[in-house]
Amino acid sequence: MSNIQAASTGQLPSLGLTRRDYARLERLANDAVKQSHPVGRFLMSEIRRAVVFDTNEVPDGTVRLNEWVTYRVDGGRKSESKVLVCPHDVRNGLLEISVLSPLGAALLGMSVGQRMKFFSIEGGLHSVMVESVLPPAGAPLLFPLRSRRSAGRAFTSSPEPDDDGPQAA
């Protein structure tokens, strides 16, 4: 799929990616293109037109990997909130969306308020609008990605290397 197919009409929205995400996504897209994945070329075209930022310089309101995005497809009544992830990281389709899906590739790097047209795997033309990049109400309890990141890495999931664990008295 080309950018022309992705947008069909009108201007494409500007995109922003972190340097780290760009490198990971470029490898993913290259592999997908080699394997003739139906979204591989679309993802590749999206990451190649993105502006690449250092992690702490990505503009607020930008859709990033491993973070929440709330969006509305085709002007629907109900918006959806999911975490944008690489395909091998999808654990729960109700909470996560793969960047290697047409919708996930379209959302990648967009900013709040931007719209973009994209084609589904079946060939239907759709439009997506980004509403928010904040976790929805109750989400931090279910999937606290932003909470951990903003806590300055105070959260640790394993003992320190020199910690021998509990000691018998």
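Structure's up top.
First things first, this report covers the structure right here in the doc. (Residues numbered from 1 in each chain as written. Predicted model: local features only at pLDDT ≥ 70, side-chain atom pairs only at ≥ 80, totals over all residues. Heavy atoms only, no water.)

Some points on the overall build of the protein
1) Next: Within the protein, the regular secondary structure consists of six helices and seven strands.
2) Next: Start at the N end of the protein and walk to the C end: the helices and strands fall as α-β-α-α-β-β-β-β-α-β-β-α-α.
3) Next: Across the 169 residues in the protein, those meeting the buried criterion constitute 38%.
4) Next: Relative to all contacts within the protein whose residues are 6 or more apart in sequence, the contacts with residues 24 or more apart total 57%.
5) Next: For the protein, the exposed area adds up to about 9,900 Å²; of that, 52% sits on carbon and sulfur atoms. (Helix = DSSP H or I, 4+ residues; strand = E, 2+ residues; numbered from the N terminus. Buried < 20%, exposed > 50% of the residue type's maximum accessible area, 1.4 Å probe, protein only. Contact = heavy atoms within 4.5 Å. Areas by Shrake-Rupley, 256 points an atom, 1.4 Å probe, with all protein chains shown as cover.)

Concerning the sheet that holds strand β7 (residues 125-132)
1) Next: Pairing within the open sheet is mixed, and its five strands lie in the order β5-β4-β3-β7-β6. This sheet does not close on itself; its edge strands, each paired only once, are β5 (96-98) and β6 (115-119). Taken over all neighbouring pairs, the strand axes of this sheet differ in orientation by 45 degrees on average, direction set aside. (Pairing = 2+ DSSP bridges. Axes fitted to C-alpha atoms, helices over the stretch in contact; angles between N-to-C directions.)

Digging into the pattern of salt bridges
Here the idea is simple: oppositely charged side chains can pair when their charged atoms come close.
1) Next: Summed over all chains, the structure comprises five salt bridges.
2) Next: Across the pair D89 and R24 runs a salt bridge whose closest N-O atoms are separated by 2.7 Å. Remark: R24 occurs in helix α2 (residues 19-34) and D89 occurs in the loop between β4 (80-85) and β5; sequence separation between them is 65 residues.
3) Next: Put simply, R49 and E46 hold a salt bridge, and the shortest N to O gap is 3.0 Å.
4) Next: Judged by relative accessible area, which is 23%, R49 ranks as partly exposed.
5) Next: According to the relative accessible area criterion, E46 is buried, its value standing at 1%. (Salt bridge = Lys/Arg side-chain N within 4 Å of Asp/Glu carboxyl O.)

Observations regarding helix α3 (residues 40-48)
1) Next: By the criterion of burial, α3 is predominantly enclosed, with seven of the nine residues buried.
2) Next: What α3 keeps buried is the set G40, F42, L43, M44, S45, E46 and I47.

Looking at the side chain of D21
1) Next: Mapped onto the elements of the fold, D21 is located in helix α2.
2) Next: An unpaired buried charge is present at D21: no salt bridge exists, and R64, the closest side chain of opposite charge, is 4.9 Å distant.
3) Next: Look past the residues within four positions of D21 in its chain and what remains in contact with it is R64 and L65. (Lys, Arg positive; Asp, Glu negative; His and termini not counted.)

Quick word on the pairing of β4
1) Next: Pairing analysis gives four bridges linking strand β3 (residues 68-73) to β4, with the strands arranged antiparallel. Pairing of T70 across the sheet is with S81, part of β4.

Here's the deal with the packing of α2 against α3
1) Next: Their axes nearest at 8 Å, the elements α2 and α3 cross at an angle of 150 degrees. Taken together, α2 and α3 sit at an angle that is classed as roughly antiparallel. Crossing handedness for the pair α2 and α3: left-handed. For the pair formed by α2 and α3, the contact residues are Y22, L25, E26, L28, A29, N30, A32 and V33 on the first element and G40, R41, L43, M44, I47 and R48 on the second.
2) Next: For the contact of α2 with α3, the per-class residue count stands at nine nonpolar, two polar and three charged. (Parallel < 35°, antiparallel > 145°, perpendicular 65-115°, else oblique. Left-handed = near helix turned anticlockwise from the far one by under 90°. Nonpolar A, V, L, I, M, F, W, Y, C, P; charged D, E, K, R; others polar.)

Here we look at the environment of G93
1) Next: Within the secondary structure, G93 is located in the loop between β4 and β5.
2) Next: Overall, G93 belongs to the partly exposed group, its relative accessible area being 44%.
3) Next: Between the C-alpha atom of G93 and that of V83, which follows or precedes it by ten residues, the distance is 9.5 Å.

Any functional reading would require information beyond the geometric quantities listed.
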